[in-house]
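# Understanding the architecture of this molecule
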Amino acid sequence: MNKGGEWVEDSILEPTVMFFGLTNFSATFQTIMDKILRDWINIEEVASFIDYLIVETEEEERYDEIVEEVVKRLAENNLYINQKNVNRRLEK
């Protein structure tokens, strides 16, 4: 993290402010992400590990819907995606 509270370049998510101290930062942020994306995580279409997100679906249309909803939820919680670090689609 730099002094402004923004994530370094290799991170996907960029909070605009630091809303808590650095004590237990990773665990606290993981808890926040789990809460925001709980329903997607429970049906195993989204996986979250700190600042990495994985969306997995069988159908391409469903993938687009989930990504759109995930981005919307993150924005509602003042979290934004760093476009430089997005790997759009990976084929099996």
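Since this is a predicted model, take the numbers as computed values, not measurements.

### So, the pattern of salt bridges
The full count for this structure, using the stated rule, is 4 salt bridges. The salt bridge involving Asp39 is made with Arg73; its shortest N-O contact spans 2.5 Å. Residue Asp39 is found in helix α2 (residues 38-42), and its partner Arg73 is found in helix α3 (residues 60-76); the two are separated by 34 residues along the sequence. With its nearest N and O atoms 2.8 Å apart, the salt bridge here joins Glu45 to Arg62. Placement of Glu45 in the loop between α2 and β1 (46-49) and of Arg62 in helix α3 is noted, with a sequence separation of 17 residues between them. Taking the relative accessible area as the measure of exposure, Glu45 reaches 16% and is therefore buried. The network of salt bridges with common partners includes Asp39, Glu69 and Arg73.

Reading the values: rules and limits
Counting restarts for each chain: residues are numbered from 1 in the order of the written sequence. Restriction of local features to residues with pLDDT of at least 70 applies here, the model being predicted, together with a cutoff of 80 or more for giving and counting side-chain atom pairs; totals for whole chains, interfaces and linings are based on all residues. Values shown for side chains rest on all heavy atoms present in the structure; no hydrogens or waters enter the calculation. Definition used for salt bridges: Asp or Glu carboxyl oxygen within 4 Å of a side-chain nitrogen of Lys or Arg. Strands here mean DSSP runs of E at least two residues long; helices mean DSSP runs of H or I at least four residues long; both are numbered from the N terminus. Only protein chains enter the area calculation, which uses a 1.4 Å probe; residues under 20% of their type maximum are buried, those over 50% are exposed, and those in between are partly exposed.

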